[in-house]
Amino acid sequence: MTSADNLRAFKRDGRIVVVGASLAGLRAAEALRAEGFTGSLTMIGDELGEPYDRPPLSKQVLTGWVPAGDTTLPRRRDIDAEWLLGVPAGGLDLATNHVRLADGREVPFDRVLISTGVRARPWFVESEAALDGVFVVRTREHAESLRQALAAGPSRVLVIGAGFTGSEIASVCRERDIPVTVAERAPAPLVGALGAMIGEVAADMQRAHGVDLRCGVKVTQLEGDAQGRLRRAHFDDGSTVDADVAVVALGGIRNTEWLRDSGLAAGVWGIACDTGCRALDLNGLVTDDVFVAGDVARCPNPVYEYRLISLEHWVNAVEQAEVAAHNMVSGQADRWPHLSIPLFWSIQFGVNIKSVGVPTFADEVAVTQGSVSDHRFVASYGYRGRVTAAVSFDNAKWLDHYRRLIETAAPFPPPCPTPDQPVDMKPVPVDFPGPTLLAEGATVVVTGHDPGERRVTSAQQHP
C-alpha cells in the first residue's frame, strides 16, 4: 500500500485517543470529524460531566451572572466518541500504544492527542489548605463553592497572588462591596506577565477601588479556629490580617506527571512539541503518533526566536487543537504549523485589559497611545529594536494593528500616527521579576477564534 492508501485507511478505521476532555480536547475531536476521520475516537477526562468553559469561572460565575452549570461548551458537531470520564490517565506506553488509566484499564490507540491542561496550585501546607474558607479556582465546582462563600457576606477575603486570576477575584469582591486584601510577593500586580510599568498602573487601579494591596510580602501561615474555619493569615513581615475566606491564586501546575516514564520530553513546563504539535521524545526527536495541544504544550514560536513557549490561553487552545487534529489525519506535505500570535483578555475593576504577543519576550516598553493616568492607553513592547507585544487598557481597537507590527518585525518604538499619541513616547526597561517570582504567576484567561493559514518567511532585522 502507498502512504496515501495508508492514510485513507487510517482515516476510515484508525483509533485516536484524546487525553484531556476540556476545551482543546473537544475542539480537536470536532476538527477530526470535520476532517473526515470516521474511525474510533475515545475521550479521556479526569472530571465528570461534559467539557466546560473556564474563563467565566473567575468572572461571571463569581458575580452570579452565570450559573456554574451553564458554562458547558457548545458542541459544533456530533463527535461520536466513547467518553471515559472521571478517571485520569496514569501512564502512556509508546511501545504498545496504550494509555493506562488510573484504575488500571488500558486504552489502545494508533494516534493520541494529549491535552491534559493544568490544575490549580494548592496552598503549600495541606492542613491549612483543608481549612473551611480556603479556596482555589480552576474547576466549576471550585467557582461555585467560592461564589457561595462570597454570597454569604464574609468579613474579609484574602487573595494570595495578584496575577490575572487573583486580580479578577479581587475585582469581583470589590464589585460585591466585600473588603479584600491582596498579598503579592512581587512589587506589583500583574508584574510577572506585563512588567513593572503596567504593574504600577494595576496597583493604582486596585487601591483606587479600595483593595488592601500588600506587595513584596509572603503569606507564611493560614490560621484556623478550633472548628477548622479560617480566621487569620500571617505574613513574613510580621503582620497579620483577619479573614474568613482565602483564595489561593498562585497559578497552575501542568498535568504531566502521568508521562514521567513515557519517554516524552515532558516536565513542569509542559510537553515539548514542534510547530505541527507533534510531541518530542527525551532525545528531542519528533514522534509520529503523539500530538499535544492546549495549556500543556510547549511549542516553538518562530516569531520569538523559536523558543519553546507554553500558553494558558483560550485562543491558543482552540487554534492549536485544530492544527493538531488536521495534522493527525494528514500527510507530511499537507500538515500545518501552529504560528498563532497569542491574544488574551481580562476584566478588572471595570477596565478591559487585552494583550497581543508575548510581553515577557521584551526588554523595553513604551506607552504609544492614550493616557496612563486615565487608565486608557496602549503600551508597546520591544525586544532588541523590534515590536514583540502590546497591551491595551480600555483601548483594544488598535490591537490588530499591533499584531501586524509584531508579525512584520516592525521597529520599536513603532510609529503610531494617531491623535492620542503621547508627546513623550520614551521607552523604559520592561523590568520583570526573577524566575522564582515568575513561577508563581497566576493563570491567564483568554478568548478568541479561528486560526488562519500561516507560514513563516524570514525578514531582515531592523537596524
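Residues numbered from 1 in each chain as written. Predicted model: local features only at pLDDT ≥ 70, side-chain atom pairs only at ≥ 80, totals over all residues. Heavy atoms only, no water.

### Some remarks on the overall build of the protein chain
Okay, step 1: The helix and strand inventory of the protein chain stands at eleven helices and 29 strands.
Okay, step 2: Over its C-alpha trace the protein chain gives a radius of gyration of 23 Å, about what one expects of a compact globule, namely 23 Å for 463 residues.
Okay, step 3: The buried share among the 463 residues of the protein chain stands at 54%.
Okay, step 4: Taking the contacts inside the protein chain whose residues are at least 6 apart along the sequence as the reference set, 66% of them involve residues at least 24 apart.
Okay, step 5: Carbon and sulfur atoms make up 49% of the accessible area of the protein chain, which totals about 19800 Å².
Okay, step 6: Separation of charge centres in the protein chain, based on 45 positive and 58 negative side chains, amounts to 2 Å. (Helix = DSSP H or I, 4+ residues; strand = E, 2+ residues; numbered from the N terminus. Rg over C-alpha atoms; globule rule 2.2 N^0.38 Å. Buried < 20%, exposed > 50% of the residue type's maximum accessible area, 1.4 Å probe, protein only. Contact = heavy atoms within 4.5 Å. Areas by Shrake-Rupley, 256 points an atom, 1.4 Å probe, with all protein chains shown as cover. Lys, Arg positive; Asp, Glu negative; His and termini not counted. Charge placed at Lys NZ, Arg CZ, Asp CG, Glu CD.)

### Structural notes on the sheet that holds strand E5 (residues 98-101)
Okay, step 1: Judged by pairing direction, the sheet is antiparallel, and its three strands sit side by side in the order E4-E5-E6 without closing on themselves. The open sheet has two free edges, formed respectively by strand E4 (89-93) and strand E6 (106-108), since each of these has just one partner strand. Direction aside, neighbouring strands of the sheet carry axes that sit 25° apart on average. (Pairing = 2+ DSSP bridges. Axes fitted to C-alpha atoms, helices over the stretch in contact; angles between N-to-C directions.)

### A word on unusual backbone geometry
Okay, step 1: Note that the residue after Phe412, namely Pro413, is joined by a cis bond; omega there is -5°.
Okay, step 2: Here Pro413 shows up in the loop between helix H10 (399-407) and strand E29 (428-429).
Okay, step 3: A positive phi is found at Arg384, a non-glycine position, where the angle reads about 50°.
Okay, step 4: With respect to the secondary-structure elements, Arg384 resides in the loop between strand E27 (376-383) and strand E28 (386-393).

### Observations regarding the pairing of strand E14 (residues 230-235)
Okay, step 1: Where strand E13 (residues 219-224) lies against E14, five bridges are found, and the strand directions are antiparallel. Bridge pairing in E14 links Gly224 to Leu230.
Okay, step 2: Between the antiparallel neighbours E13 and E14 lie five residues, among them Gly228 with a positive phi of about 80°.
Okay, step 3: Two elements, E14 and strand E15 (residues 240-242), share three bridges in a ladder whose sense is antiparallel.

### What about the nonpolar core?
Okay, step 1: Membership of the largest hydrophobic core comes to 49 residues, with the highest contact counts inside it found for Leu146, Val157, Val180, Val182, Leu194, Tyr381 and Phe393.
Okay, step 2: Beyond its immediate stretch of four places on either side in the chain, Leu146 contacts Leu62, Phe135, Val137, Val245 and Val247.
Okay, step 3: Formed by 28 residues, the second largest nonpolar core is a distinct cluster that contains Leu32, Leu113, Val318 and Ala324. (Core = buried A, V, L, I, M, F, W, Y, C linked by side-chain atoms within 4.5 Å.)

### Some remarks on the UniProt feature "domain: Reductase C-terminal" (unreviewed entry) in the protein chain
Okay, step 1: As annotated by UniProt and renumbered to match this structure, "domain: Reductase C-terminal" (unreviewed entry) occupies residues 344-414.
Okay, step 2: The span residues 344-414 shows a helical share of 13% and a strand share of 51%, and its end C-alpha atoms are spaced 21 Å apart. (UniProt positions renumbered as here; feature names shortened; annotations may be inferred.)

### Observations regarding the environment of Val18
Okay, step 1: By secondary structure assignment, the location of Val18 is in strand E1 (residues 15-19).
Okay, step 2: We classify Val18 as buried; its relative accessible area is 1%.
Okay, step 3: Sequence spacing of Val18 and Pro55 is 37 residues, and the spatial spacing of their C-alpha atoms is 22 Å.
Okay, step 4: Leaving out residues up to four positions away in the same chain, Val18 has contacts with Gly25, Leu41, Thr42, Met43, Ile44, Leu113 and Ser115.

### Some points on the packing of aromatic side chains
Okay, step 1: Overall, the coordinates contain six aromatic pairs when judged by the stated rule.
Okay, step 2: Aromatic pair Phe10 and Phe37: ring centres 5.7 Å apart, planes at 40°, arrangement tilted. Of the two residues, Phe10 sits in helix H1 (residues 3-13) while Phe37 sits in the loop between helix H2 (23-34) and strand E2 (40-45), which places them 27 residues apart along the sequence. Comparing Phe10 with Phe37, the two get one shared label, buried. (Phe/Tyr/Trp six-rings, centres within 6.5 Å; stacked < 30°, edge-to-face > 60°.)

### Quick look at the sheet that holds strand E19 (residues 270-272)
Okay, step 1: With respect to topology, four strands assemble into an open sheet ordered E18-E19-E22-E23, the strand pairing being mixed. Strands with a single pairing partner mark the edges of an open sheet, and in this sheet they are strand E18 (266-267) and strand E23 (307-310).
Okay, step 2: With two bridges joining them, E18 and E19 adopt antiparallel strand pairing. In the strand pairing of E19, Ala266 is matched with Ile271.

### Thoughts on the side chain of Arg278
Okay, step 1: Its location among the elements puts Arg278 in strand E20 (residues 278-280).
Okay, step 2: Sequence-distant contacts of Arg278, that is, excluding residues within four places in its chain, are made with Ala272, Cys273, Val286, Thr287, Val290, Phe291, Gln332 and Arg335.

### So, the environment of Gly276
Okay, step 1: Residue placement: Gly276 occurs in the loop between E19 and E20.
Okay, step 2: Residues Gly276 and Val323 lie 47 residues apart in sequence; the distance between their C-alpha atoms is 7.0 Å.

### Thoughts on the domain arrangement of the protein chain
Okay, step 1: Each assigned domain of the protein chain is listed here: domain 1 (3-119 + 253-334), domain 2 (126-250) and domain 3 (350-432).
Okay, step 2: One C-alpha centre belongs to domain 1, the other to domain 2; they are set 32 Å apart.
Okay, step 3: Taken residue by residue, the interface counts 19 residues in domain 1 and 15 residues in domain 2.
Okay, step 4: Both faces combined, the contact of domain 1 with domain 2 buries some 1500 Å², and carbon together with sulfur accounts for 57% of it. (Domains from an automatic or database assignment. Buried area = accessible area lost by both parts, 1.4 Å probe.)

### Re helix H9 (residues 314-328)
Okay, step 1: For H9, spanning 15 residues, the distance from its first C-alpha to its last is 21 Å, which sits close to the expected 21 Å at 1.5 Å a residue.
Okay, step 2: For H9, a buried count of 15 out of 15 residues is recorded, marking the element as mostly surrounded by other parts of the structure. (Expected span 1.5 Å × (residues − 1).)

### Some points on the pattern of salt bridges
Okay, step 1: Counting across every chain of the model gives 22 salt bridges.
Okay, step 2: Of the charged contacts, one joins Asp110 and Arg15 as a salt bridge, the two residues approaching to 3.1 Å between their closest N and O atoms. Here Arg15 lies in strand E1 and Asp110 lies in the loop between E6 and strand E7 (111-114), a separation of 95 residues in the sequence.
Okay, step 3: Exposure remark for Asp110: the relative accessible area of 27% places this residue in the partly exposed category.
Okay, step 4: We note a salt bridge from Glu223 to Arg232, for which the minimum N-O separation is 3.1 Å. (Salt bridge = Lys/Arg side-chain N within 4 Å of Asp/Glu carboxyl O.)

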